[in-house]
Amino acid sequence: MIIDDGMLFRAAGEKDAATLAKLYDQAARWMLDQGIDQWKPGDKDAEHFRARMRDGEVWLAEDADGRLVGAYELWWSDEDAWGVQPPVAGYVHRLMVDRKAAQPGAGMRILEHAEYRIARTGRERARLDCVSTNPRLLTYYRSAGYRVVGEFPSKEAKDGRVYGVILLERRLDV
């Protein structure tokens, strides 16, 4: 467990998968309420998070009382969006914050934890993507020091829907 400014980080385990799916649905509903067309409630179930735990890392952020305030996935490759790449980056996905439990700035603290995890492996870049129709999220990531390095206009969702994503990265101190 890593303690960072009153936020506790721990690797997710099998028992956390259903909680992660619930947090995802909550974040997806918040996005829809804000007019952001990105995530859909029900798109990521507990099995999705179990698979991510097997293939990469999933981290939970809790407050000092043990309440879940957010989570994220960390992948070591993302060929669907970035193509085949040398092992110089970690890929942050599903950065989620519980809007009712988290303090202001929690999302940035969680993103910083992901960057810390990536840098600890000796990889020099943190990468992520966001749907090209979400300017608010693009602005958020740019304010965190990420720069646009490309766009992938035809990413395909599980349901066959095609959408564009903006590719962003940030150099890390390793």
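Residues numbered from 1 in each chain as written. Predicted model: local features only at pLDDT ≥ 70, side-chain atom pairs only at ≥ 80, totals over all residues. Heavy atoms only, no water.

Draft legend 1. Seen up close, the overall build of the chain. A count of helices and strands for the chain gives 5 helices and 8 strands. In the chain, the order of α-helices and β-strands from amino to carboxyl end is β-β-α-α-β-β-α-β-α-β-α-β-β. For 174 residues, the compact-globule estimate of 2.2 N^0.38 gives 16 Å, and the chain sits close to it at 15 Å. Its C-alpha atoms give the chain principal-axis dimensions of roughly 40 × 40 × 30 Å. (Helix = DSSP H or I, 4+ residues; strand = E, 2+ residues; numbered from the N terminus. Rg over C-alpha atoms; globule rule 2.2 N^0.38 Å.)

Draft legend 2. The arrangement of the pairing of strand β2 (residues 7-11) in detail. Burial within β2 is extensive, with 4 of its 5 residues counted as buried. Direction of pairing for β2 relative to strand β3 (residues 57-62): antiparallel, over a ladder of 4 bridges. Looking across to β3, one finds that Ala11 is bridged to Trp59. (Buried < 20%, exposed > 50% of the residue type's maximum accessible area, 1.4 Å probe, protein only. Pairing = 2+ DSSP bridges.)

Draft legend 3. Local environment of helix α5 (residues 135-143). Turning to α5, its buried residues number three or more, namely Leu137, Leu138 and Tyr141. All buried residues of α5 fall inside an arc of 105 degrees around its axis, so they share one side. Along α5, the residues that are exposed and aim more than 90 degrees away from the buried face are Pro135, Thr139 and Ser143. Its buried side turned inward, α5 meets β5 (89-97), α4 (106-120), β6 (125-131), β7 (147-156) and β8 (162-171). Positive phi shows up at Gly145, right after α5, with a value of about 95 degrees. (Arc of directions from axis to C-beta. Contact = heavy atoms within 4.5 Å.)

Draft legend 4. Quick look at the packing of aromatic side chains. This structure, assessed with the given rule, holds 4 aromatic pairs. For the pair Tyr140 and Tyr141, a centre-to-centre distance of 5.7 Å together with 65 degrees between the ring planes defines the contact as edge-to-face. Residue Tyr140 is classed as partly exposed on the basis of its relative accessible area of 28%. Put simply, the rings of Tyr140, Tyr141 and Tyr146 pair up and form one aromatic cluster. Over the ring of Trp30 we find Arg99; its NZ or CZ atom is 3.7 Å from the centre of that ring. (Phe/Tyr/Trp six-rings, centres within 6.5 Å; stacked < 30°, edge-to-face > 60°. Lys NZ or Arg CZ within 6 Å of the ring centre and 35° of its normal.)

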